[in-house]
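Examining the three-dimensional arrangement
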Amino acid sequence: MKYRSRVDIVAAMIQSAIGGATKTKLMYSAFLSHSQVEEYLEFLRAKRLISFIPDKKRYVPTDRGIQFLKMYGEIKDTVTIEGTPELPAMRLPERSEDDALDAEARQPEEGVKAGRDLRMDEL
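All values derive from a computational prediction rather than experimental measurement.

**Let's talk about the packing of aromatic side chains**
With the rule as written, the count across this model stands at two aromatic pairs. Between Phe68 and Tyr72 the ring centres are 6.2 Å apart and the planes differ by 20°, which places this aromatic pair in the stacked class. Note that Phe68 and Tyr72 are positioned in helix H4 (residues 63-79) at a spacing of four residues, about one turn of the helix.

**Here we look at the nonpolar core**
One finds Met13, Leu26 and Phe68 to be the most contacted residues of the largest nonpolar core, which totals 23 residues. Put simply, the parts of the chain that give this core at least two residues each are helix H1 (6-17), helix H2 (23-29), helix H3 (34-46) and H4. Per-element tally for this core: the top contributor is H1, with six residues. Discounting chain neighbours no more than four positions away, the residues touching Met13 are Leu26, Ala30, Leu32, Val37, Tyr40, Leu41 and Leu44.

**Looking at the environment of Leu49**
With respect to the secondary-structure elements, Leu49 resides in the loop between H3 and strand S1 (50-53). Aside from chain neighbours lying at most four places away, what touches Leu49 is Val10, Ile14, Leu44, Pro61, Thr62, Arg64, Gly65 and Phe68.

**Some words on the environment of Met13**
Counting through the fold element by element, Met13 comes out in helix H1. When its relative accessible area of 0% is taken as the criterion, Met13 is described as buried. Sequence separation between Met13 and Tyr59 is 46 residues, and the spatial gap between their C-alpha atoms is 9.8 Å.

**What about the packing of H1 against H3?**
At their nearest, the axes of H1 and H3 sit 11 Å apart, and the two run at 80° to each other. The orientation of H1 with respect to H3, classified from their angle, is roughly perpendicular. Along its contact with H1, which presents Arg6, Ile9, Val10, Met13 and Ile14, the element H3 presents Val37, Glu39, Tyr40, Leu41, Phe43 and Leu44. In terms of residue class, the contact of H1 with H3 is built from nine nonpolar, no polar and two charged.

**Observations regarding H1**
For H1, built from twelve residues, the straight-helix expectation of 16 Å at 1.5 Å per residue is met to within 8% by its first-to-last C-alpha distance of 17 Å. For H1, every residue scored as buried is listed here: Ile9, Val10, Ala11, Met13, Ile14, Gln15, Ser16 and Ala17. Trailing H1 by a residue or two, Gly19 shows a phi angle of about 90°, which is positive.

**Quick word on a nonpolar patch on the surface**
On the surface, a nonpolar cluster with roughly 300 Å² of combined accessible area is contributed by Met71, Ile75 and Val79. Mapped onto the elements, Ile75 comes out in helix H4. Look at Ile75 and you get exposed, because its relative accessible area is 53%.

So, how was this worked out
Residues numbered from 1 in each chain as written. Predicted model: local features only at pLDDT ≥ 70, side-chain atom pairs only at ≥ 80, totals over all residues. Heavy atoms only, no water. Phe/Tyr/Trp six-rings, centres within 6.5 Å; stacked < 30°, edge-to-face > 60°. Helix = DSSP H or I, 4+ residues; strand = E, 2+ residues; numbered from the N terminus. Core = buried A, V, L, I, M, F, W, Y, C linked by side-chain atoms within 4.5 Å. Buried < 20%, exposed > 50% of the residue type's maximum accessible area, 1.4 Å probe, protein only. Contact = heavy atoms within 4.5 Å. Axes fitted to C-alpha atoms, helices over the stretch in contact; angles between N-to-C directions. Parallel < 35°, antiparallel > 145°, perpendicular 65-115°, else oblique. Nonpolar A, V, L, I, M, F, W, Y, C, P; charged D, E, K, R; others polar. Expected span 1.5 Å × (residues − 1). Patch = residues over 30% accessible without salt bridge, like charges linked within 9 Å, V, L, I, M, F, W, Y side chains within 5 Å. Areas by Shrake-Rupley, 256 points an atom, 1.4 Å probe, with all protein chains shown as cover. Salt bridge = Lys/Arg side-chain N within 4 Å of Asp/Glu carboxyl O.

Pasting the structure below:
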């Protein structure tokens, strides 16, 4: 694996949190150690890019985190040189975190299903 910037790691963590992710999922998807994921989660929560849902024990991106992914994808597309290997395209959810959580509050069983079924679009 090539060297990644802090921004690349942050984007990978936010991306993997779409639909809800445990700390372990974030750790494995971003290829981080436990201590590294703890440091990044502290940073992401302080910057309000990701939030923790205690009763579900899941991390989800905030609207600000989704906006970060959009900007990251646009910048990545702008600076990518043709013919060089690139990272997979960033995918964003159709609905916001608030919409998924509101649906869950109205109908708990349907909300959980809706959270799992969040579809993501290509940038």
